[in-house]
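# Coordinate analysis (summary)
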Amino acid sequence: MRVAVLGAGSWGTTLSLVLSDNTHHVTLWSYLEEDARQIRATRKNERFLPGIEIPPLISVTADLAEAIRGAEMIVLAV
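These lines cover the structure that appears in this document, whether it is placed above or below. (Residues numbered from 1 in each chain as written. Predicted model: local features only at pLDDT ≥ 70, side-chain atom pairs only at ≥ 80, totals over all residues. Heavy atoms only, no water.)

### Here's the deal with the nonpolar core
Core analysis: the biggest nonpolar cluster contains 16 residues, and Val-5, Leu-19, Leu-28, Ile-58 and Val-60 have the highest contact counts within it. Contributions of two or more residues to this core are made by strand E1 (2–6), helix H1 (10–21), strand E2 (25–29) and helix H2 (33–42). Ignoring sequence-local partners within four residues, the contact set of Val-5 consists of Gly-12, Ser-16, Leu-19, Val-26, Thr-27, Leu-28, Trp-29, Val-75 and Ala-77. (Core = buried A, V, L, I, M, F, W, Y, C linked by side-chain atoms within 4.5 Å. Buried < 20%, exposed > 50% of the residue type's maximum accessible area, 1.4 Å probe, protein only. Helix = DSSP H or I, 4+ residues; strand = E, 2+ residues; numbered from the N terminus. Contact = heavy atoms within 4.5 Å.)

### Brief notes about H2
When H2 is considered as a whole, its buried residues turn out to be Asp-35, Ala-36 and Ile-39. Down the axis of H2, the buried set is contained in an arc of 100°. They therefore lie on one face. Close packing links the buried residues of H2 with strand E3 (44–45) and strand E5 (59–61). Immediately beyond the C-terminal end of H2, within one or two residues, lies Arg-43, with a positive phi of roughly 60°. (Arc of directions from axis to C-beta.)

### A closer look at H1
With 12 residues, H1 extends 17 Å between its outermost C-alpha atoms, agreeing within 8% with the 16 Å of an ideal straight helix rising 1.5 Å per residue. Of the residues making up H1, those classed as buried are Gly-12, Thr-13, Ser-16, Leu-17, Leu-19 and Ser-20. As for H1, its buried residues are in contact with E1, E2, E3, strand E4 (49–53) and strand E6 (73–76). Trailing H1 by a residue or two, Thr-23 shows a phi angle of about 65°, which is positive. (Expected span 1.5 Å × (residues − 1).)

And the structure:
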């Protein structure tokens, strides 16, 4: 299932990890481009969930249209 998680804080990032672990295709959305860029580059969300690795299977974007495109489920974590 394709899932968009809207909100890249601690809760949204955690939900993304759990959903990905359960074989869902996850896109994590941050309203801040700089946060999305940092998460993509380091595969970590040090600001809200320090030390936790974000698997490369989780897509990260600041583009809302991209995040929800094709999503079968949208999770609001804002």
